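# Observations on the three-dimensional arrangement
Residue strings, one per chain:
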Amino acid sequence: MEIDITRFHQTFFDESAEGLDVMESALLKLDVGNADAEIINTIFRAAHSIKGGAATFGFAEVAGFTHLLETLLDQMRSGQRAVTQPDVDVLLRSVDIVRSLLAAAGSGKPADDAAIATVRGELETALSAGSGAAAPNHSAAAAATATPVAATPAEAGWRIRFTPRPELFRSGNDPLRILRELAEMGALHAELDDAALPSLADADPEDCYLSWNLVLRSGCSQASLREVFAWVEDECDLQIEALAAEPPVVVAVASEPAAASRPAELKVIKGGRDRTETQKAAGDGGSIRVGTEKIDSLINLVGELVITQAMLTQQASALDPVLNEKLLTGLSQLDRNTRSLQEAVMSIRMLPMDFVFSRFPRLVHDLAAKLDKHARLVTIGENTELDKSVIEKIADPLTHLVRNSLDHGIEMPAARVAAGKDEAGTITLKAAHQGGSIVIEVADDGHGLDRDRILAKARERGLAIGDNAPDSEVWALIFAPGFSTAEQVTDVSGRGVGMDVVKKNIQSLGGQIEITSRAGQGTKISIRLPLTLAILDGMSMAVGDEIFIVPLNAVAESLQPRPEDVKSVAGQGRVVRVRGEILPLVPLRDVFHLGAGITEPHKGILVLIESEGRKVALMVDELVGQQQVVIKSLESNYRRISGISGATILGDGRVALILDVGDLVRISAREKAA
């Protein structure tokens, strides 16, 4: 029976991408001159898994190049060559090449042959220089062939009884590939046990009837040995016992059969992360891959359930609690279960910030080398969780901020030493939960922002700002489109594009961005974001018959002003004094043209909202209460409306609009300037 292995391609690509991430991260952790053997083993195992999977699926170019990469790593882990910075750099470039080869294999588009040839040449040169011999044959056949291995004299080892269960093949695993992995760990002597093999008439081609008695001469630990069997541990009987040291056994492992005669078997590669890390990440409970579209559909259904439950609760509020005790008790239980279900489903889409932070060690490494600077990256709060949809959209803004910190913030080594600093600058990425939000900080210990230079540039561009403006307003100028204080344009920065896009992207996520800086000590950029874009903690407010929702994290306070605290300013409308602070007064009724109603502020309620360091007093008729709402996109279902970020359905079935706080503050600022 033929098995269609193409249905496993995407799993292979996904898990190979994870393996490359592990390799890149581990390579950046290598201490040149004093490399940790376990880190090298981690890199080797990831490369070996990718090579094996590529050979299984017929991606010969990926397998051949990865075998070349694996050979260099094998020399490192066996002690044949020391770990040097040039080797680490060429390995990092090799990771990029494998990524491009996998992308080409997945899309069917050609890879960059020139780049592949360049890095392949670098690898072959490194191998030739390290071994003193010609580079080995790196054909696809070589990638699928195990090398004969001789044991070290008087080396202890392990006796293994490996009995696969009949259903092993059905999960796509190949016992021969496991044996080849064992052969790379030391000298392997294998005896085949075919006692359970039935007659040809009784044999099922999808069942495994073979078992093996193995002797492995190696100094490896039992834990690393069990890792080889980790992906079949539930589909085999495995016995491992230690052996005393004996004279070595030399054994050659046979080459893999040609593709035409190979059984229709498949081993699904389980990813580059080693088993221990995967189990920790999954809480030792295992994991499954689920398409994001299925999760999004589940979240939408739960959202509809929350709305329906709110409607039932609204209708039940008019019922007699004595006559309808059982019904109300059931609705109360439904409310608790719905909220628990909602929280559980939302947690599925939550990912640790490490999914974003993990890309920056490589970026800092490469960019620092390009700029001739020395820099280290410190990450804090990598396990802080954030909604997947937010994580995907925050990656690019953070990348720009990290590049800016290294390019503009961190000084050249000589300048840092002259200023009494370590010649290596420090960039810190930090994430933490604060209330219902997540705060992400990008900080550096560079020279800080130059206030006078920013003000001078602002005057050149005709931006109106006073010399005595607070620092927060001066720093905010760098978010103006086209604003840059760079002395020269480079391929890294200096064109004045980017920071305005960063700000727009953050605001599109319902977030805020702030800058603090001290001359000679560095700059910190803080981003505050909602934990998820699907659920909102909000305050509901009434204006006439309409209900509006304002995000709770944007509300500073609410109050009913005294008549004497409200003043009219020529050309700027009304303002209100709140504990000595003068704030613009914005009647929500006027913003959305809702007609006649309460016009005197002291008869209504003022809700103080804050965004981008500015406060505005929204005037509404009354406060309805606080509630959690399910956000529905107004733009995708209708069109974009200024001052509105979305909509929700209330318990009584009415639609309530969710206010875009940042947009309302900007509208107020434009009207004031006009």
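### Quick notes on the overall build of the chain
A count of helices and strands for the chain gives 21 helices and 24 strands. Burial statistics for the chain: of 674 residues in total, 43% are counted as buried. Long-range contacts, defined here as pairs at least 24 residues apart, represent 71% of the contacts in the chain between residues at least 6 apart.

### Description of the packing of aromatic side chains
Counted under the stated rule, the structure contains six aromatic pairs. Seen from their ring centres, Phe12 and Phe13 are 5.6 Å apart, and the 50 degrees between their planes marks the pair as tilted. You can call Phe12 buried: its relative accessible area is 2%. Joined through ring pairs, the aromatic side chains of Phe12, Phe13 and Phe59 make up one cluster. Against the face of Phe44 rests Arg77, its NZ or CZ located 3.7 Å from the ring centre.

### Digging into the confidence of the model for the chain
Should the pLDDT be low somewhere, the predicted coordinates at that spot are not to be read in detail. Looking at the chain as a whole, the pLDDT averages 80, with 86% of positions reaching at least 70. Confidence scores differ between elements of the chain, with helix 6 (residues 140-143) showing the lowest mean pLDDT of 34 and helix 15 (residues 413-418) the highest of 93. Segment residues 131-154: pLDDT under 50, and 45 contacts once partners within four positions in sequence are set aside and those in other chains are kept.

### Points about the sheet that holds strand 21 (residues 614-620)
Note on sheets: strands pair through backbone hydrogen bonds, and any given pair is parallel or antiparallel. One open sheet accounts for six strands, arranged 16-20-21-19-18-17; its pairing is mixed. Here the strands that pair on one side only, and so sit at the sheet edges, are strand 16 (555-559) and strand 17 (566-569). Each strand axis lies, on average, 35 degrees off the axis of its neighbour in the sheet, ignoring direction. Relative to strand 20 (residues 605-611), strand 16 runs antiparallel, the two being bridged by four bridges. Among the inter-strand pairings, Glu557 is bridged to a residue of strand 20, identified as Leu608.

### Let's talk about the nonpolar core
With 47 residues, the main nonpolar core has Met353, Leu398, Ile440, Ile527 and Leu529 as its most contacted residues. In terms of residue count, the dominant contributor to this core is helix 14 (residues 388-409) (eight residues). Ranked by size, the runner-up nonpolar core spans 41 residues in total, among them Phe8, Phe12, Ala55 and Val119.

### Some words on helix 2 (residues 37-57)
The end-to-end C-alpha separation of helix 2 is 30 Å, in line with the 30 Å expected for 21 residues at 1.5 Å each. Of all the 21 residues making up helix 2, 15 are buried; the element is thus mostly covered by neighbouring parts of the structure. Backbone nitrogen of Glu38 and a side-chain oxygen of the N-cap are separated by 2.7 Å at the start of helix 2; the cap is Asp36.

### Quick notes on the side chain of Ser526
Within the element layout of this structure, Ser526 appears in strand 13 (residues 522-530). Taking relative accessible area as the criterion, Ser526 reaches 18% and is therefore assigned buried. Apart from residues lying up to four places away in sequence, Ser526 is in contact with Ile440, Glu441, Gln512, Ile513 and Glu514.

Basis of the calculations
- Along each chain, residue indices are assigned from 1 in the same order as the chain's sequence is written.
- Thresholds applied to this predicted model are a pLDDT of at least 70 for local features of residues and 80 or more for the giving and counting of side-chain atom pairs; totals over whole chains, interfaces and linings are not thresholded and use all residues.
- In computing side-chain values, all of the structure's heavy atoms are included and hydrogens and water are not.
- Where helices and strands are cited, they refer to DSSP runs of H or I of at least four residues and of E of at least two residues respectively, numbered from the N terminus.
- Relative accessibility under 20% of the residue-type maximum defines a buried residue, over 50% an exposed one, and the middle range a partly exposed one, all with a 1.4 Å probe and only protein chains included.
- Only heavy atoms enter the contact rule, under which two residues are in contact if any of them lie within 4.5 Å.
- Centres within 6.5 Å are what make two rings of Phe, Tyr or Trp a pair, Trp counting through its six-membered ring; a difference in plane orientation under 30 degrees is then read as stacked, over 60 as edge-to-face, and the rest as tilted.
- Here, over-ring charges are defined by two tests on the NZ atom of lysine or the CZ atom of arginine: distance to the ring centre within 6 Å, and angle to the ring normal within 35 degrees.
- Per-residue confidence from the predictor is reported as pLDDT, which spans 0 to 100.
- In short, DSSP must find at least two bridges between two strands for them to pair.
- Axes here refer to lines fitted to C-alpha atoms; in helices the fit is confined to the stretch in contact. Angles between the N-to-C directions go from 0 to 180 degrees.
- Put simply, a nonpolar core is a bunch of buried Ala, Val, Leu, Ile, Met, Phe, Trp, Tyr and Cys residues held in one set by side-chain atoms that sit within 4.5 Å of each other.
- A helix is expected to span 1.5 Å for every residue after the first.
- Residues adjacent in sequence count toward polar contacts only when both atoms are side-chain atoms; beyond that, a polar contact is any pair of N or O atoms within 3.5 Å, and within protein one must be able to donate a hydrogen and the other to accept it.

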